[in-house]
Amino acid sequence: MKERYSQRKLVDAAVRGLCLLATGAALIPLGLVLYYVTSRGIGGLDWAFFTELPKPVGEAGGGMANALLGTLELVGLACLFGIPPGVLAGVYLAEFGQHRFAKLVRFSADVMSGVPSITIGIFVYTLIVLRTKSFSAYAGGVALAVLMLPTVTRTTEELLRLVPESLREAALGLGVPKWRATLSVVLRTAAPGIATGIMLAIARVAGETAPLLFTAFNNAFWPTGLAQPTASLPVQIYTYAVSPYDDWHQKAWAAALVLIGMVLILNVAARVLVRHRVRSR
Amino acid sequence: MIQSLALARTSEATRESARTPARPSAAPDRPKMRAEALRAHFGKTEVLKGITLPVESTTVTAIIGPSGCGKSTFIRCLNRMHEVVSGARVAGKVLLDLQDIYAPDVDPVRVRRRVGMVFQKPNPFPTMTIRENVLAGLKLNGLRPKDTEELVERALRQVALWDEVKDVLSRSGTSLSGGQQQRLCIARSLALEPEVLLMDEPCSALDPIATARVEELIHELRERYTIVIVTHNMQQAARVADFTAFFYLGELVEYDRTDVIFTRPSEKKTEDYITGRFG
Ligand SMILES: Nc1ncnc2c1ncn2[C@@H]1O[C@H](COP(=O)(O)OP(=O)(O)OP(=O)(O)O)[C@@H](O)[C@H]1O
Ligand SMILES: [Mg+2]
C-alpha cells in the first residue's frame, strides 16, 4: 500500500514535469518573436514613424502614418460589414435555428473559418476589384469582414446558448414579444462575452496580409477615399521586408512591433472586459 | 358536504364538463379561468390528459401531486408558456374571463400580460439593477410609466422588500439573496398588474423564513389577484390555498376546497398522497 502511494506520487511528478516542459516549449516561439520584433523594431519607432508618409527609395526618414491610418480604416470597415451580419446570424442560430437551414448555416460557417485567407482575397478580388476595376479600401474591408464573419457568428451563437433558458422565460412570461426578449434580455446578457469574441476576431484580422494584397493593395499617400487603394500595416510590412533596402527592413520591423502592440492591446482589453464582467456578477 | 364532493374527478370531469360546472359552492359565480379538456404534449408524449379545472377569482388555488405529474406543464398552459418549448403542443381550451386563450385570433403575448408567472428558480435579469428589474415588464413592453419611483416603491412594498432594498436600488438584481430575488421577481410580475398570478414552486429555493414571507405575501395578494400556486409542500398548500387540485400522471384526480382535500378527500389516491404513502 505504501509503495503504491510513493509510486503514484512519482508518476504524478513526472506527468506534471512533462506538462510544464511542453508549456515552456510552446511559450518559446512566442517569447522569441516578441524579443526579436521588439529589439529590431524599437529603433525604428520615432515621431516621424507615426506622423509622416513613407519617403521614396533612397531618402532617409519618413514614416508609416498612412498605413497606420489605413489599417484602422480597413479594420473599421471590416467591423461595419462583418459584425452586424455576424451577430445577427449568431442570434438566428441560437434563438431561432432549429431547422435544417440553420444546420447548413452552421456548417458553412465552420467550413468558412477554415478557408485560407488568401482564397478569400481572391474571392473578393473577383467579386469587387475586377468589377469596379480598382483596388479599394472597401474591397479590403469586405475581405476582412468575410474573414471575421464565421468567428463572430459562431462566438455569438455559443455565448447566447450560455444564457440560461430561465431568463428567456422570465422575459416571455412578462408578456414581452420574442424579438424584444431576444434583443433586450438575451443579447444584452451575453453582450460582454460577445464583445470579447469580436475583439479577438478583430485582433485576428488586423494582422492579415494575404486578403489585402489584391483588394486594398497599397498606397504611398494618405487615404483619400474608400474607393482608393489603401495602405495597411501588414501589406506595408510585406512590401518593405522583401525589399533590398536596409532602411526599409528597419521600418518593417518597427511596423511589425506596432502591429503586435495593437493586437496585444485588443487581446488584453478583451480579457479585461471578461474579468470585469465576472466581477460585476 | 355532499355538494362539495360532487366535484371534478378526472374522467367524469372531462366527459361531463359541460353539464357539471366543477365549482365548489363557496366560490363566486364565475371562475376567473377555466381549463377545459386540456391536453398538453411534448412531442409524442402526452403529459396532460384532459384536465378540466376552474380557477376561482381572487382566491388561491394550489396544485399538488408527485413529481412529473404535469403540474408545471399545467400552469404553463394557463399563460401559453407551454408552447414556448420546441415540440410542445396544447389541445383543448383555457378560458380567461370566458374567452378561450387558445382561440386562433388570440395573441399569446397579450395573454401573458394578463396572466403573470413566477418561476421555481428566482430569475431576475442580471444585467439590470433592482429598480430596472421591477420596471422590466413595462419597459420591455414599450410602456413609459409616469411615476416610476412611486411604481417601484409600491411594487417592492407589496412584496415586503422595500425596506430591505430601498438604499440599494441601483445594485444588480442578482446581488440579492435567493429569497429576496424571488420576491423581486414577484414584484416584477406585479408591476404589470396582471389579473392572474401563476407561481411554480415559488418557495422551493428558499429558506423557511423567506418561505414564510412569500406565504404571507400570497395571503395579501389574494385580496386583489387570482393566484395559482404549484407546491410540493403539503403544509404550504394547506396554509395558503382556498382550493386544491391533486394531479396524478397527467390527470386531475381531485379538486375541492383545501380543507376538504386535506381532511376528507374522496379519492383513495389523494388520501394516500397527502398522508405520504406515495409520491
Ligand atoms: N421539455 C420537456 N420535454 C419533454 N418532456 C418533458 C419536458 N418537460 C417536462 N416533460 C415531461 O412532462 C411531464 C410533466 O412534467 P412537469 O414539469 O409538468 O412535472 P411537474 O409535475 O411540474 O414535476 P415537478 O414536481 O418535478 O416539477 C414529465 O413526465 C416530464 O418528464
Ligand atoms: Mg414542476
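Reading the values: the criteria
- Residues numbered from 1 in each chain as written.
- Chains lettered and ligands numbered in written order.
- Predicted model: local features only at pLDDT ≥ 70, side-chain atom pairs only at ≥ 80, totals over all residues.
- Helix = DSSP H or I, 4+ residues; strand = E, 2+ residues; numbered from the N terminus.
- Buried ≥ 20, exposed ≤ 12 C-beta atoms within 10 Å, placed from the backbone.
- Contact = placed C-beta atoms within 7 Å.
- Axes fitted to C-alpha atoms, helices over the stretch in contact; angles between N-to-C directions.
- Parallel < 35°, antiparallel > 145°, perpendicular 65-115°, else oblique.
- Left-handed = near helix turned anticlockwise from the far one by under 90°.
- Nonpolar A, V, L, I, M, F, W, Y, C, P; charged D, E, K, R; others polar.
- Expected span 1.5 Å × (residues − 1).
- Bend = angle between axes of the 7 residues up to and from the residue.
- Near = placed C-beta within 6 Å.
- Pairing = 2+ DSSP bridges.
- Core = buried A, V, L, I, M, F, W, Y, C linked by C-beta atoms within 7 Å.
- pLDDT = per-residue confidence, 0-100.

Engineer: Whenever I open this one, the overall build of chain B confuses me. Can you help?
Structural biologist: If you tally the helices and strands in chain B, you get twelve helices and ten strands. Counting all 279 residues of chain B, 48% fall into the buried class.

Engineer: Would you mind going over the overall build of chain A with me for this structure?
Structural biologist: Helix and strand counts for chain A stand at eleven helices and zero strands. Listing each helix as α and each strand as β along chain A from the N terminus yields α-α-α-α-α-α-α-α-α-α-α. In terms of principal-axis extent, the alpha carbons of chain A reach across some 70 × 65 × 35 Å. Taking all 281 residues of chain A together, 40% fall into the buried category. Restricting the contact set of chain A to residue pairs at least 6 apart, pairs at least 24 apart contribute 74%.

Engineer: Teacher, can you tell me more about the packing of helix α3 (residues 65-96) of chain A against helix α8 (residues 178-206) of chain A here?
Structural biologist: Packed helices, taken two at a time, are described by the angle between their axes plus the distance between the axes. All names here are of chain A. Remark: α3 packs on α8, axes separated minimally by 10 Å, with the N-to-C direction vectors making an angle of 140°. One finds that α3 runs oblique with respect to α8. Seen from above, α3 lies across α8 with right-handed handedness. Listed contacts from α8 to Thr71, Val75, Ala78, Cys79, Ile83, Val87, Val91 and Glu95 of α3 are Thr182, Val186, Leu187, Ile194, Ile198, Ile202, Val205 and Ala206. Partitioned by chemical class, the residues of the contact of α3 with α8 number 13 nonpolar, two polar and one charged.

Engineer: It is not clear to me how helix α5 (residues 117-132) of chain A should be interpreted in this structure. Could you clarify?
Structural biologist: A turn of α-helix holds 3.6 residues, and therefore any two residues three or four places apart point the same way. All names here are of chain A. Between its first and last C-alpha, α5 extends 21 Å over 16 residues, near the 22 Å set by a 1.5 Å rise per residue. Helix geometry: α5 is bent most strongly at Tyr125, by close to 40°. By the burial criterion, the buried members of α5 are Ile120, Gly121, Val124 and Val129. Looking at the buried side of α5, the elements it contacts are α6 (137-162) and α9 (210-213). Two residues or fewer past α5, Lys133 is found with a positive phi of approximately 60°.

Engineer: I tried to follow the interface of chain A and chain B on my own but got confused; where do I start?
Structural biologist: The extent of an interface is frequently quoted as the accessible surface area lost upon association of the parts. Each side of the interface is counted separately: chain A has 19 residues, and chain B has 23 residues. Mapped by element, the contributors of at least two residues to the side of chain A that touches chain B are α7 (165-173) and α8 of chain A. Of all the elements, α7 of chain A adds the most residues to the side of chain A that touches chain B, at seven residues. Class assignment for the residues of the side of chain A that touches chain B results in eight nonpolar, seven polar and four charged.

Engineer: Help me understand the environment of Val146 of chain A, please; the structure alone is not making it clear to me.
Structural biologist: As for its position among the elements, Val146 of chain A is in helix α6. When sequence neighbours within four positions are dropped, the list of residues in contact with Val146 of chain A reads Ile120 and Val124 of chain A.

Engineer: So what exactly am I meant to see when it comes to the site of ligand 1 here?
Structural biologist: Residues and elements named next belong to chain B. Around ligand 1, the structure places Phe42, Val47, Gly65, Ser67, Gly68, Cys69, Gly70, Lys71, Ser72, Thr73 and Val85. Per-element tally for the shell around ligand 1: the top contributor is helix α3 (residues 71-78), with three residues. Residues of the shell around ligand 1, tallied by class, amount to four nonpolar, six polar and one charged.

Engineer: In this structure, what is going on with the sheet that holds strand β3 (residues 60-64) of chain B? I would like to understand it.
Structural biologist: In a beta sheet, neighbouring strands are held together by backbone hydrogen bonds and run either parallel or antiparallel to one another. Residue and element names in this part refer to chain B. With mixed pairing, six strands are arranged side by side in an open sheet as β6-β7-β8-β3-β9-β10. In the strand order of this sheet, the two ends are held by β6 (115-118) and β10 (251-257), each with one partner. The average angle at which neighbouring strand axes cross in this sheet is 15°, direction not considered. Sheet topology places β3 next to strand β8 (residues 226-230); four bridges connect them, and they run parallel. Paired with Ile63 across the strands is Val230, a residue of β8.

Engineer: What's the story with the sheet that holds strand β1 (residues 33-42) of chain B in this structure? I'm lost.
Structural biologist: All names here are of chain B. Spatial strand order, β2-β1-β4-β5: four strands in an open sheet with antiparallel pairing. Single-partner strands in this sheet number two, and they are β2 (45-55) and β5 (99-100). Sheet topology places strand β4 (residues 88-96) next to β5; two bridges connect them, and they run antiparallel. If you follow Leu95 over to β5, its bridge partner there is Asp100. Packing against the sheet, α3 makes contact with β1, β2 and β4, and its axis sits at approximately 60° to β2.

Engineer: What is the right way to look at the environment of Ala145 of chain A in this model?
Structural biologist: All names here are of chain A. Within the secondary structure layout, Ala145 lies in helix α6. When the C-alpha positions of Ala145 and Pro85 are compared, they lie 9.7 Å apart, and in sequence the two are 60 residues distant. In contact with Ala145, other than residues within four places in its own chain, are Ala78, Phe81 and Gly82.

Engineer: What's the story with the nonpolar core in this structure? I'm lost.
Structural biologist: Soluble globular proteins: nonpolar side chains tend toward being buried together. In this structure, Ala255 of chain A together with Ala187 and Ile229 of chain B are the most contacted members of the largest nonpolar core, which totals 143 residues. Looking at this core, the element that brings in the most residues is α6 of chain A, giving 14 residues. In contact with Ile229 of chain B, not counting residues within four places along its chain, are Val60, Ala62, Met199, Pro202, Ile218, Val240 and Ala241 of chain B.

Engineer: Sorry, what's going on with unusual backbone geometry here?
Structural biologist: All names here are of chain B. Positive phi values are uncommon outside glycine, yet Ala37 reaches one of about 45°. Examined against the element boundaries, Ala37 turns out to sit in strand β1. Assessed through the 17 C-beta atoms surrounding it within 10 Å, Ala37 is described here as partly exposed. Backbone geometry places Ala160, a non-glycine residue, at a positive phi of 55°. As for its position among the elements, Ala160 is in the loop between α6 (148-158) and α7 (162-165).

Engineer: What's the story with the confidence of the model for chain A in this structure? I'm lost.
Structural biologist: It should be kept in mind that the predicted coordinates are not to be read in detail where pLDDT is low. Within chain A, residue pLDDT values average 91, and 98% of them lie at 70 or more. The lowest-confidence element of chain A is helix α11 (residues 246-280) of chain A, averaging 84 in pLDDT; the highest-confidence one is α6 of chain A, averaging 95.

Engineer: How should I be thinking about the environment of Met234 of chain B in this particular structure?
Structural biologist: Tracing the backbone through its elements, the reader meets Met234 of chain B in helix α10 (residues 234-240). As a C-alpha pair, Met234 of chain B and Ala245 of chain B span eleven residues in sequence and 12 Å in three-dimensional space.

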